[in-house]
Amino acid sequence: MKSHMKLPAIQLTGAQPVRHARSRSGNTETLQVTVRLLDDAGTLGPPIEVPKIVKSDEAWRAQLSDEQFRITRTHDTERAFCGIFHDNHQHGLYTCVCCGLPLFRSDAKFDSGTGWPSFFQPVAQENIGRTTDTSFGMVRTEAHCVRCDSHLGHVFEDGPVPTGLRYCINSAALTFRENGAKPAREWVLFGAGCFWGIEANFAKVKGVRNTRVGYSGGVTKSPTYEDVCSHTTGHAEVVEVGYEPAQLNFAALLDVFWRIHDPTTGHRQGPDIGSQYRSAIFFTTPEQEATARASAARLEKSGELSGPITTEILLATPFYAAEEYHQKYYAKHGGGNCRIL
Ligand SMILES: [Zn+2]
């Protein structure tokens, strides 16, 4: 890779095959891409179709640090030996910093001496897109996340066996999770309509240790309730759920989520209409994503629902706690019209 100089626009010539599909939540067409996820045991799942992620620069800036944005969304390159992962020898999984897609395992990482994290193969060929990059008078193969088009780095043909390839990747494009990391507490954000009732439901689930209501998934920082209600920030009302994996597995938490709202109604829950009330699972680990997608697919096949699931399943973006008067609202005031288990 070149130094930290900004690359000119690259020519997109090798895009991965994508499929157009009717959006589950409306009449607009959405692109579908084929990826593979990892389950709880780290086993690679079969190829599945997921929506391609397309966001405005404003939305990416609201989610990423300046460095992450510069590298992944403007095709820049971090300085050699300056990234946080080039010398990381821990065992674990590297995922896309923008969308959470599993990209590389540590057992495919090697010390290339270049100053950038280097891998001889990805988790799954499906998850990496490639384009021809003719900047700087060279012909190189650029690598990107197939789901969100995040620029990762380049692929060279001077790697070690068994592939002979060297995926030269920017640290800033990656998030790392150590193998066997079993934190006492995990986090997830759920959107399922009015957050007062959703929090009341999750707060009483055994194994849930804390809940907060707030806003996530939008394009502005630190929104107020009035901002969100203006329908201009893109945020959803969400409940941040902290739970103990040793006491409560994520699949059981999802069962509660499906039961307490209608996941087929797009931007509406009962009388509440607008994108802030959309059904959403904002995951924080790749295992949560795989479990959520499998759970949604099972539910959809079961015939229990009145239509296709419209729930967004996306990597969690910054969570902004709602104003104090929204917290534990039903515990403080009782009653309410939202559905309670
Ligand atoms: Zn991605």
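Residues numbered from 1 in each chain as written. Predicted model: local features only at pLDDT ≥ 70, side-chain atom pairs only at ≥ 80, totals over all residues. Heavy atoms only, no water.

### Let's talk about the packing of aromatic side chains
Then, in step 1: In this structure the tally under the stated criterion is 16 aromatic pairs.
Then, in step 2: With a centroid separation of 5.4 Å and 80° between ring planes, the pair formed by Phe85 and Tyr94 is classed as edge-to-face. You'll find Phe85 and Tyr94 in the same group, each marked buried.
Then, in step 3: Plain terms: the ring middles of Phe190 and Phe202 are 4.8 Å apart, the flat faces sit at 10° to each other, and that makes the pair stacked. Linking Phe190 in strand β13 (residues 186–192) with Phe202 in helix α3 (residues 195–203), this pair joins segments that are 12 residues apart in sequence. Both residues of the pair, Phe190 and Phe202, count as buried.
Then, in step 4: Positioned over the ring face of Trp60 is Lys55, at 4.8 Å from the centre of the ring.
Then, in step 5: Positioned above the aromatic ring of Trp60 is the side chain of Arg73, whose terminal nitrogen or guanidinium carbon lies 4.0 Å from the ring centre. (Phe/Tyr/Trp six-rings, centres within 6.5 Å; stacked < 30°, edge-to-face > 60°. Buried < 20%, exposed > 50% of the residue type's maximum accessible area, 1.4 Å probe, protein only. Helix = DSSP H or I, 4+ residues; strand = E, 2+ residues; numbered from the N terminus. Lys NZ or Arg CZ within 6 Å of the ring centre and 35° of its normal.)

### Quick word on the coordination of the zinc ion
Then, in step 1: Ligation of the zinc ion by protein atoms is provided by Cys96 (SG), Cys99 (SG), Cys145 (SG) and Cys148 (SG), these donors lying 2.3 to 2.4 Å from the ion.
Then, in step 2: Considering all 4 donor atoms around the zinc ion, the spread of angles at the metal, 100 to 117°, places the coordination shape in the tetrahedral class. (Donors = N, O, S within 2.8 Å, 3.2 Å for Na, K, Ca; no water. Tetrahedral: all angles 85-135°; square planar, octahedral: opposite > 155°, others 65-115°.)

### Points about the sheet that holds strand β10 (residues 151–156)
Then, in step 1: Ordered in space as β6-β7-β11-β10-β9-β8, the 6 strands form an open sheet in which the pairing is antiparallel. Two strands close off the open sheet at either side, each with one partner strand: β6 (109–110) and β8 (128–133).
Then, in step 2: Looking at chain direction, β8 and strand β9 (residues 140–145) are connected through 6 bridges and run antiparallel. Across the sheet, the residue bridging to Gly129 is His144, located in β9. (Pairing = 2+ DSSP bridges.)

### Here we look at the pattern of salt bridges
Then, in step 1: Across all of its chains, the model carries 15 salt bridges by this definition.
Then, in step 2: One salt bridge in this structure joins Glu67 and Arg70, with 2.5 Å as the shortest N-O distance. In this pair, Glu67 and Arg70 are both assigned in helix α2 (residues 66–74), 3 residues apart and thus about one turn of the helix distant.
Then, in step 3: By relative accessible area, Glu67 is classed as partly exposed at 33%.
Then, in step 4: In this structure, Arg177 and Glu186 form a salt bridge, with 3.1 Å as the shortest nitrogen-oxygen distance.
Then, in step 5: In this structure, a network of salt bridges that share partners links the residues Glu67, Arg70 and Asp76. (Salt bridge = Lys/Arg side-chain N within 4 Å of Asp/Glu carboxyl O.)

### Topic: the nonpolar core
Then, in step 1: The biggest cluster of nonpolar side chains holds 33 residues, and the ones touching the most others in it are Phe190, Phe202, Phe250, Leu253 and Ile281.
Then, in step 2: Phe202 has contacts with Phe190, Val208, Thr211, Val241, Leu253, Val256, Phe257 and Ile260, leaving out every residue within four places of it along the chain.
Then, in step 3: Among the nonpolar cores identified, the runner-up in size contains 31 residues, and Val97, Leu101, Phe104 and Ala290 belong to it. (Core = buried A, V, L, I, M, F, W, Y, C linked by side-chain atoms within 4.5 Å. Contact = heavy atoms within 4.5 Å.)

### Things to note about the environment of Phe156
Then, in step 1: Tracing the backbone shows Phe156 in strand β10.
Then, in step 2: For the pair formed by Phe156 and Tyr167, sequence separation is 11 residues and the distance between their alpha carbons is 6.5 Å.

### Focus on the sheet that holds strand β4 (residues 92–96)
Then, in step 1: Ordered in space as β5-β4-β12, the 3 strands form an open sheet in which the pairing is antiparallel. Two strands close off the open sheet at either side, each with one partner strand: β5 (102–105) and β12 (174–178). For this sheet, the mean angle separating the axes of adjacent strands, direction not counted, is 30°.
Then, in step 2: Both β4 and β5 contribute to a ladder of 3 bridges, which runs antiparallel. Among the inter-strand pairings, Thr95 is bridged to a residue of β5, identified as Pro102. (Axes fitted to C-alpha atoms, helices over the stretch in contact; angles between N-to-C directions.)

### Quick word on the packing of helix α5 (residues 250–259) against helix α6 (residues 286–302)
Then, in step 1: Here α5 crosses α6 at 45°, and the two axes come no closer than 10 Å. Relative to α6, the element α5 lies oblique. When the axes of α5 and α6 are compared, the crossing they make is right-handed. Contact with α5, carried on its side by Phe250, Ala251, Leu254 and Trp258, involves Gln288, Thr291, Ala292, Ser295, Ala296 and Leu299 of α6 and no other residues of that element.
Then, in step 2: For the contact of α5 with α6, a count of residues per class yields 7 nonpolar, 3 polar and no charged. (Parallel < 35°, antiparallel > 145°, perpendicular 65-115°, else oblique. Left-handed = near helix turned anticlockwise from the far one by under 90°. Nonpolar A, V, L, I, M, F, W, Y, C, P; charged D, E, K, R; others polar.)

### Focus on α6
Then, in step 1: Its 17 residues give α6 an end-to-end C-alpha distance of 25 Å, which sits within 8% of 24 Å, the value for a rise of 1.5 Å per residue.
Then, in step 2: Within α6, the full set of buried residues consists of Pro286, Glu287, Gln288, Glu289, Ala290, Thr291, Ala292, Arg293, Ser295, Ala296 and Leu299.
Then, in step 3: Positive backbone phi, at 80°, marks Gly303, one or two positions downstream of α6. (Expected span 1.5 Å × (residues − 1).)

### Overview of the confidence of the model for the chain
Then, in step 1: Per-residue confidence for the chain gives a mean pLDDT of 88, with 89% of residues at or over 70.
Then, in step 2: Predicted confidence is poor over residues 1–17, with pLDDT under 50, and the contacts of this stretch with residues over four places away or in other chains come to 54 contacts.
Then, in step 3: Overall, residues 22–27 carries pLDDT values under 50, and its contacts beyond four positions in sequence, including any with other chains, amount to 11 contacts. (pLDDT = per-residue confidence, 0-100.)

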